[in-house]
Amino acid sequence: MPKGVPVLLSALAAGGTLPLAFAPWSWWWLAPLPLAALFLLVMNASPRRAFGVGYAFGLGLFGVGVSWVHISVARFGDGGAPLAVTATAAFVGLLALFPATAVGLARLVSPRRRLIDLTLVLPTCWVLLEWCRTWVLTGFPWLILGYSQTGSALGRAAAPVIGVLGTSLIVASVAGALTLVAVARDTRRRLAVVAVAATAVALVAIVAERD
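Bear in mind the structure is a predicted one, so any value in this text is a computation, not a measurement.

K.L.:
Report on the overall build of the chain, specifying residues and quantitative values.
P.N.:
The number of helices and strands found in the chain is nine helices and zero strands. Going residue by residue from the N terminus, the α and β elements of the chain occur as α-α-α-α-α-α-α-α-α. Relative to its 211 residues, the chain shows a buried fraction of 41%. Long-range contacts, defined as pairs at least 24 residues apart, comprise 66% of the intrachain contacts of the chain with a sequence gap of at least 6. Summed over all atoms, the accessible surface of the chain reaches about 10,700 Å², with 70% contributed by carbon and sulfur.

K.L.:
Summarise the environment of A13; cite the residues concerned and give the values.
P.N.:
Relative to the elements of secondary structure, A13 occurs in helix 1 (residues 5-17). Among the residues examined, A13 registers a relative accessible area of 43% and is labelled partly exposed. Each C-alpha atom of the pair A13 and P34 lies 8.6 Å from the other, and the pair is 21 residues apart in sequence.

K.L.:
Outline a positive patch on the surface, listing residues and values.
P.N.:
Positive charge collects at one region of the surface, where R113, R114, R185 and R188 lie side by side. Turning to its location among the elements, R113 is positioned in the loop between helix 6 (97-109) and helix 7 (114-133). The exposure class assigned to R113 is partly exposed, which follows from its relative accessible area of 48%.

K.L.:
I'd love a proper account of the nonpolar core, names of residues and values included.
P.N.:
Counting 49 residues, the largest nonpolar core has L18, L35, L38, F57, W126 and L145 as its most contacted members. Residues in contact with L145, not counting those within four places in the same chain, are L18, F22, A31, L35, W126, E130, S168, V171 and A172.

K.L.:
Which residues make up a nonpolar patch on the surface, and what values do they have?
P.N.:
A contiguous nonpolar patch, built from W25, W27, W28, W29 and L33 and spanning about 560 Å² of accessible area, is present on the exposed surface. Mapped onto the elements of the fold, W25 is located in the loop between helix 1 and helix 2 (32-42).

K.L.:
Tell me about the packing of aromatic side chains, and please be specific about residues and values.
P.N.:
All told, the structure shown has four aromatic pairs when counted by the stated rule. Ring geometry for W27 versus W29: centroids 6.1 Å apart, planes at 15 degrees, classification stacked. For W29, a relative accessible area of 48% translates into the label partly exposed.

K.L.:
Lay out the side chain of Q149 with the relevant residues and their values.
P.N.:
One can find Q149 in the loop between helix 7 and helix 8 (153-183). With a relative accessible area of 4%, Q149 lands in the buried category. Of the polar contacts made by the side chain of Q149, one reaches the backbone oxygen of W28; its length is 3.0 Å. Within polar-contact distance, the side chain of Q149 engages the side chain of S152 at 2.9 Å. If near-sequence neighbours (up to four positions away) are discounted, Q149 is found in contact with W28, A31, L154, G155, T167 and V171.

K.L.:
Could you give an account of unusual backbone geometry, naming the residues involved and the relevant values?
P.N.:
P24 follows A23 through a cis peptide bond whose omega is 10 degrees. Summarising the element assignment, P24 is placed in the loop between helix 1 and helix 2. Unlike most non-glycine residues, S26 shows phi in positive territory, near 60 degrees. Along the polypeptide, S26 turns up in the loop between helix 1 and helix 2.

Rules used in this analysis
Residues numbered from 1 in each chain as written. Predicted model: local features only at pLDDT ≥ 70, side-chain atom pairs only at ≥ 80, totals over all residues. Heavy atoms only, no water. Helix = DSSP H or I, 4+ residues; strand = E, 2+ residues; numbered from the N terminus. Buried < 20%, exposed > 50% of the residue type's maximum accessible area, 1.4 Å probe, protein only. Contact = heavy atoms within 4.5 Å. Areas by Shrake-Rupley, 256 points an atom, 1.4 Å probe, with all protein chains shown as cover. Patch = residues over 30% accessible without salt bridge, like charges linked within 9 Å, V, L, I, M, F, W, Y side chains within 5 Å. Salt bridge = Lys/Arg side-chain N within 4 Å of Asp/Glu carboxyl O. Lys, Arg positive; Asp, Glu negative; His and termini not counted. Charge placed at Lys NZ, Arg CZ, Asp CG, Glu CD. Core = buried A, V, L, I, M, F, W, Y, C linked by side-chain atoms within 4.5 Å. Phe/Tyr/Trp six-rings, centres within 6.5 Å; stacked < 30°, edge-to-face > 60°. Polar contact = N/O pair within 3.5 Å; in protein donor to acceptor, adjacent residues only side chain to side chain.

Here you go:
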């Protein structure tokens, strides 16, 4: 098996698990984990390599998450099975360009300092491309990361104040912090753990006070 294939398959699998964080499964707690896996896979990659890994992640994410398009085209669009499969595959391939561009751009502009890279650059680029996805070609905001938190304390506390993209940024930053916990030296690891824990405690406290 070629050297890069396991990485691409890992990215594909990670992307395919992310839709479980959204309805109808609504496993909101899962949302940062696949993204953390992606960040880990592209952390030391070149921009070109990161783009490819991000594209595989996007194929998994949208291949699972927008498979209903096939049903819409075949059943309600009266397009037939071949057209439905072709149209869905093309649509998934187009959408996969957004996460690919996000991590490729992050690798292009990153200062290569892990703390900044994982907690700021990668999360910001991810949300920037989510924002682009809300308006490019009339927009397709399906599977925006912040929507996964609709039933969580984070969603109830943050979404009314900072909106869905702001919520996405928090989730992506948590993903970056989790990655940092896995790879950083002891001091930075402790800082990342403290940041994640403090965010969780603060959100729970805010929700409890509002309720």
